[in-house]
Amino acid sequence: PLLDRFALLFKQTESSQAAVLGYLSHKTQIMITDKQLPDTCPPDRIAVRVASVKDIQIIRELARISFCATYMSIISKEQIEYMMQWMYSEETLRRELAGNVTFLLLELDGKAVGYVSFGPESDAACQPESYHLHKIYLLPEVQHLGLGTLLFRAAEERMREAGASFFELNVNRHNPALSFYKRMG
């Protein structure tokens, strides 16, 4: 079920980080389902694969384009730059990929066009079957083709295989994809 509540994302590590994360976001809990993938694109043109350390530059380039396109009308250029450095530095991605965060890359006609990342909920008090969807982005030119649903469902399937019965995600309340997340729930 969809929890329609707002959560304040706030981490006290650095004042600039707290300012960036201090935005109200929509916190959603989604039950793992057996919903089918969309069939808007022929399957022979699409591949979803687990990313590795060798894919860090691809993830960074996808993020540079898609993250900026998503947030340029929501937060300042300085905040975008800060978040890109904080979340998408080579060091951060290397640490996440070596840890328990999984990145899936979506490829269309052999070209990476999107990614999703997820992992077990980091709060030790959470149930072991609780996961968190960290990021999901597509290049602007392939949005609204059903590929986001496909990538979302692929992540959902991987989390189910890992033992998840539900997962949470946080969405900036001004993110144009908020309606997408509500449809997925």
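In this text the structure is predicted, and so the values were computed from the model without any measurement.

Calculation notes
Residues numbered from 1 in each chain as written. Predicted model: local features only at pLDDT ≥ 70, side-chain atom pairs only at ≥ 80, totals over all residues. Heavy atoms only, no water. Helix = DSSP H or I, 4+ residues; strand = E, 2+ residues; numbered from the N terminus. Buried < 20%, exposed > 50% of the residue type's maximum accessible area, 1.4 Å probe, protein only. Contact = heavy atoms within 4.5 Å. Phe/Tyr/Trp six-rings, centres within 6.5 Å; stacked < 30°, edge-to-face > 60°. Lys NZ or Arg CZ within 6 Å of the ring centre and 35° of its normal. Axes fitted to C-alpha atoms, helices over the stretch in contact; angles between N-to-C directions. Left-handed = near helix turned anticlockwise from the far one by under 90°. Nonpolar A, V, L, I, M, F, W, Y, C, P; charged D, E, K, R; others polar. 1 Å grid on protein atoms, 1.4 Å probe; cavity = no way out; pocket = protein on both sides within 12 Å on 5 of 7 lines; lining within 4 Å. Points joined across faces, edges and corners; volume = space filled by probe spheres on them. pLDDT = per-residue confidence, 0-100. Salt bridge = Lys/Arg side-chain N within 4 Å of Asp/Glu carboxyl O. Parallel < 35°, antiparallel > 145°, perpendicular 65-115°, else oblique.

**Some details on the side chain of Lys135**
Alright, step 1. With respect to the element layout, Lys135 can be found in strand E6 (residues 130-138).
Alright, step 2. Judged by relative accessible area, Lys135 falls into the buried class, the value being 7%.
Alright, step 3. When near neighbours in sequence (up to four residues on either side) are disregarded, Lys135 contacts Met87, Tyr88, Glu96, Phe103, Tyr115, Val116 and Ser117.

**Let's talk about the packing of aromatic side chains**
Alright, step 1. Under the criterion given, the structure shown has nine aromatic pairs.
Alright, step 2. Among the aromatic residues, those joined into a ring-pair cluster are Phe67, Tyr71, Tyr88, Phe103, Tyr115 and Tyr137.
Alright, step 3. Its guanidinium or amino end placed over the ring of Tyr88, Lys135 lies 5.2 Å from that ring's centre, counting from NZ or CZ.

**Digging into the packing of helix H2 (residues 56-71) against helix H3 (residues 77-88)**
Alright, step 1. Relative to each other, H2 and H3 sit at 150°, their axes nearing to 11 Å. Considering the relative orientation of H2 and H3, their crossing is right-handed. Across from Ile59, Arg60, Ala63, Arg64, Phe67, Cys68 and Tyr71 in H2, the residues of H3 making contact are Ile80, Met83, Met84, Met87 and Tyr88.
Alright, step 2. Classifying every residue of the contact of H2 with H3 gives ten nonpolar, no polar and two charged.

**Some thoughts on the layout of surface pockets**
Alright, step 1. Quantified by volume, the second largest pocket comes out at close to 520 Å³.
Alright, step 2. Every residue lining the second largest pocket is counted, 22 residues in all, and those nearest its centre are Leu138, Gln143, His144, Ala177 and Phe180.
Alright, step 3. When contributions to the lining of the second largest pocket are tallied by element, the ones reaching two or more residues are H2, E6, helix H5 (147-161) and helix H6 (178-184).
Alright, step 4. Of the residues forming the lining of the second largest pocket, the biggest block, four residues, is contributed by H6.

**Concerning the confidence of the model for the protein**
Alright, step 1. Across the protein, pLDDT averages 76, with 73% of residues at or above 70.
Alright, step 2. Contacts of residues 1-37 to residues separated by more than four positions or lying in other chains number 97 contacts, the stretch itself having pLDDT below 50.

**Notes on the pattern of salt bridges**
Alright, step 1. Throughout the structure, instances matching the rule amount to ten salt bridges.
Alright, step 2. Here Arg45 makes a salt bridge to Asp109, at a shortest N to O gap of 2.8 Å. With Arg45 in the loop between strand E2 (24-31) and strand E3 (46-50) and Asp109 in the loop between strand E4 (102-108) and strand E5 (111-120), this pair connects stretches of sequence that are 64 residues apart.
Alright, step 3. With a relative accessible area of 51%, Asp109 lands in the exposed category.
Alright, step 4. Here Arg153 ties to Glu156 by a salt bridge, and the two come within 3.0 Å at their closest N and O atoms. In this pair, Arg153 and Glu156 both sit in helix H5, three residues apart, roughly one turn of the helix. Like Arg153, the residue Glu156 is buried in the burial classification.

**Topic: the packing of H3 against helix H4 (residues 90-98)**
Alright, step 1. Closest axis-to-axis distance for the H3/H4 pair is 5 Å, and the angle between their directions is 40°. Taken together, the axes of H3 and H4 lie oblique to each other. Residues Trp86, Met87 and Tyr88 of H3 pack against Glu90, Thr92 and Leu93 of H4.
Alright, step 2. Here the contact of H3 with H4 is composed, by residue class, of four nonpolar, one polar and one charged.

**Remarks on the environment of Ser165**
Alright, step 1. Topologically, Ser165 is positioned in the loop between H5 and strand E7 (166-172).
Alright, step 2. With relative accessibility at 31%, the residue Ser165 sits in the partly exposed group.
Alright, step 3. Through-space distance from the C-alpha of Ser165 to that of Ser130 is 6.6 Å; in sequence the pair is 35 residues apart.

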